[in-house]
Amino acid sequence: MKNTLTIKNLHVSVEGKPILQGISLEIKSGEIHALMGPNGSGKSTLSYVLAGHPKYKVESGEIWYGNTNILALKPEERAKRGLFLAFQYPVELPGVNYQNALYTMTKARRNLPPKEFQAELKQCLEKLNLDPSFIQRHVNVGFSGGEKKKAEVLQLLLSKPSLAILDETDSGLDRDALEIVGKAIQELRNKDFSSLIITHYPKLLRYLNPDKVHIIMNGRIILTGDNATIQKIEQEGYAWCGDE
Ligand SMILES: Nc1ncnc2c1ncn2[C@@H]1O[C@H](COP(=O)(O)OP(=O)(O)OP(=O)(O)O)[C@@H](O)[C@H]1O
Ligand SMILES: [Mg+2]
């Protein structure tokens, strides 16, 4: 089906160590899914594999996006097809002007003339309550933890991807910033957009009302549920998950 993400029995290792051990997942266009699970369970590994990070070795399994086997594509080709990853730990790029980087990143995905880019950038900065001086700095250098996360959301808004994987974008955001980001992502919800939201907390998910919630433990999805699952994890942690 058009722009459905389908992961089939995916096994991935890092430096010889098996991390993902048979992940299967389907996210249809228009859907927002949440991925929750304990530290070290494989959430970021899955996001890196989807983006095409070379360090993560796919031992077996398949990843399809629409009719395309994306495992055969380089990271930039995946981006061109609409995939976007917001990093759990955004990287600092000393010496790289943020505004220039944003334009290059946006142009790699969309055909946007400089003037229109400037107009959109201004709007997005306002939406995220970011000062215009922010983009005159070097990429992520000296940004606070929350500013780095907002910077990822700024890239998301400018990129207009069809599939966004957001790896703990809510971590480090203050209460008001969380609301701004939650509403900005919610506004992206439409039939041609899908998202996998990786998080430890229910707060961001309250704005997004995910269609499904997957629980990953030890590299396997052991449970798929809904909002009630999020509440139960908030109250009881993960110990009960394997029993369901
Ligand atoms: N380069 C690496 N070398 C060795 N082990 C690694 C490497 N990268 C990841 N791992 C291991 O893979 C496991 C899964 O890591 P991952 O970052 O995917 O977890 P996570 O679910 O995102 O956790 P968190 O909630 O803390 O972000 C961890 O045990 C981690 O130590
Ligand atoms: Mg992680």
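Only a predicted model underlies this, so the values are computations on that prediction, with no experimental measurement involved. (Residues numbered from 1 in each chain as written. Chains lettered and ligands numbered in written order. Predicted model: local features only at pLDDT ≥ 70, side-chain atom pairs only at ≥ 80, totals over all residues. Heavy atoms only, no water.)

Participant: How do you make sense of the sheet that holds strand β11 (residues 212-217) when you look at a structure like this?
Facilitator: Within a sheet, each strand pairs with its neighbour through backbone hydrogen bonds, oriented either parallel or antiparallel. Strand order in this open sheet of 6 strands is β6-β9-β10-β3-β11-β12, and the pairing throughout is mixed. Unpaired on one side and paired on the other, β6 (83-86) and β12 (220-225) mark the two borders of the sheet. Shown here is a sheet whose adjacent strand axes are inclined to one another by a mean of 20°, direction ignored. Where strand β3 (residues 32-36) lies against strand β10 (residues 194-198), 4 bridges are found, and the strand directions are parallel. Of the residues in β10, the one forming a bridge with Ala34 is Ile197. The sheet contacts of helix α8 (residues 227-236) involve β3, β11 and β12, and relative to β11 the element is tilted by about 45°. (Pairing = 2+ DSSP bridges. Helix = DSSP H or I, 4+ residues; strand = E, 2+ residues; numbered from the N terminus. Axes fitted to C-alpha atoms, helices over the stretch in contact; angles between N-to-C directions. Contact = heavy atoms within 4.5 Å.)

Participant: How do you make sense of the sheet that holds strand β5 (residues 68-69) when you look at a structure like this?
Facilitator: As summarised here, the arrangement of the 4 strands in space is β2-β1-β4-β5, forming an open sheet in which the pairing is antiparallel. A single partner strand is all that each edge strand has here, and the edge strands are β2 (17-27) and β5. Sitting on the sheet, helix α1 (residues 43-51) is in contact with β1 (5-14), β2 and β4 (56-65), with an inclination near 110° to β1.

Participant: How should the pattern of salt bridges be read in this particular structure?
Facilitator: Enumeration over the complete set of coordinates arrives at 13 salt bridges. Across the pair Glu62 and Lys8 runs a salt bridge whose closest N-O atoms are separated by 3.8 Å. A residue pair is termed long-range when its members are at least 10 positions apart, and Glu62 in strand β4 and Lys8 in strand β1 qualify at 54 residues. Its relative accessible area of 34% is what places Glu62 among the partly exposed residues. A salt bridge links Glu179 to Arg175; the shortest N-O distance between them is 3.1 Å. Highlighted residues: Glu179 and Arg175, both in helix α6 (residues 175-188), separated by 4 residues, approximately one helical turn. The exposure class assigned to Glu179 is partly exposed, which follows from its relative accessible area of 23%. (Salt bridge = Lys/Arg side-chain N within 4 Å of Asp/Glu carboxyl O. Buried < 20%, exposed > 50% of the residue type's maximum accessible area, 1.4 Å probe, protein only.)

Participant: Can you help me understand the coordination of the magnesium ion (ligand 2) in this one?
Facilitator: Note on the magnesium ion (ligand 2): its protein donors are Ser44 (OG) and Gln88 (OE1). The metal-donor distances range over 2.0 to 2.1 Å. One end of the pair, Ser44, is in helix α1; the other, Gln88, is in the loop between β6 and β7 (93-97), and 44 residues separate them in sequence. This pair shows no difference in class: Ser44 is buried, exactly as Gln88 is. (Donors = N, O, S within 2.8 Å, 3.2 Å for Na, K, Ca; no water.)

Participant: Is there a simple way to explain the site of ligand 1 in this structure?
Facilitator: Neighbouring ligand 1 are 17 residues; Gly40, Lys43, Ser44, Thr45 and His200 lie closest to it. Separating an oxygen atom of ligand 1 from a side-chain N or O atom of Asn39 is a distance of 3.0 Å. Relative to its unbound accessible area of 640 Å², ligand 1 is 71% covered by the protein chains. Mapped onto the shell around ligand 1, the elements with two or more residues apiece are β2 and α1. With 3 residues, α1 is the largest single contributor of residues to the shell around ligand 1. Its residues assigned to classes, the shell around ligand 1 shows 4 nonpolar, 8 polar and 5 charged. (Near = heavy atom within 4 Å. Polar contact = N/O pair within 3.5 Å; in protein donor to acceptor, adjacent residues only side chain to side chain. Areas by Shrake-Rupley, 256 points an atom, 1.4 Å probe, with all protein chains shown as cover. Nonpolar A, V, L, I, M, F, W, Y, C, P; charged D, E, K, R; others polar.)

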